[in-house]
Amino acid sequence: VQLQASGGGLVQAGGSLRLSCAASGGTFSSLAMGWFRQAPGKEREFVAAISRIGGNTYYADSVKGRFTISRDNVKNTVYLQMNSLKPEDTAVYYCAGANMFLYETSQHATAYDYWGQGTLVTVSS
């Protein structure tokens, strides 16, 4: 499975961005999906996850209420809608896919089998 993330860019604090991650080469609906991010000088951290058919979602406390993860199993794409962005949201954002049970998700990077290349989000103050 190949994952291609896109949608990053430069935005002012308080603004919005929508990231997309398109999957190819496999059965997208068999994968739980997640978004992670890595800021300069910091470790990669969990952002959000969604189960195979979207019934379950899970968010890091730092983004809860501001970010929304969703998926379209017809378009083989997972999205991350980011609102009320803050400078501390600046990072490279990675999408990831995991072979999991139908309603399962995970916040642990080690649970994910496939990773996209990352897209840079910069939030200016």
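A short tour of the structure in this document, coming up. Along each chain, numbering runs from 1 in the same order as the chain's sequence is written. Per-residue local features of the predicted model are confined to residues with pLDDT of at least 70, and side-chain atom pairs are confined, for both listing and counting, to 80 or more; whole-chain, interface and lining totals are unaffected and use all residues. With hydrogens and water stripped out, all remaining heavy atoms of the structure feed into the side-chain values.

**Describing the packing of aromatic side chains**
To pair, rings of Phe, Tyr and Trp, with the six-membered ring standing in for Trp, must have centres within 6.5 Å; the planes then decide the type, stacked if under 30 degrees apart, edge-to-face if over 60, and tilted in the middle. Within this structure, the stated rule accounts for 5 aromatic pairs. A centroid spacing of 5.6 Å and a plane angle of 75 degrees characterise the contact between Phe36 and Phe46, whose relative ring orientation is edge-to-face. Remark: Phe46 occurs in strand E5 (residues 45-50) and Phe36 occurs in strand E4 (residues 31-38); sequence separation between them is 10 residues. Whether a residue is buried, partly exposed or exposed follows from its accessible area with a 1.4 Å probe, protein chains only, as a fraction of its type maximum: under 20%, in between, or over 50%, in that order. A relative accessible area of 10% means that Phe46 is categorised as buried. Every member of this aromatic cluster is reached through a ring pair, and the members are Phe36, Phe46, Tyr58, Tyr112 and Trp115. Charge-over-ring placement is defined geometrically: NZ (Lys) or CZ (Arg) within 6 Å of the ring centre, and within 35 degrees of the ring normal. In this structure, Arg44 packs its charged tip against the face of Trp115, placed 4.7 Å from the ring centre. Numbered from the N terminus, helices here are DSSP runs of H or I no shorter than four residues, and strands are runs of E no shorter than two.

**Things to note about the sheet that holds strand E7 (residues 67-72)**
Two strands form a pair only when DSSP identifies at least two bridges running between them. Strand order in the open sheet formed by 4 strands is E1-E3-E8-E7, with antiparallel pairing between adjacent strands. The open sheet has two edge strands with one neighbour each: strand E1 (2-6) and E7. In this sheet, neighbouring strand axes are inclined to one another by 15 degrees on average, regardless of whether the strands run parallel or antiparallel. With 6 bridges joining them, strand E3 (residues 17-24) and strand E8 (residues 77-82) adopt antiparallel strand pairing. Of the residues in E8, the one forming a bridge with Arg18 is Gln81. Each axis is a line fitted through C-alpha atoms, and for a helix only the stretch in contact is used; angles between axes span 0 to 180 degrees, taken between their N-to-C directions.

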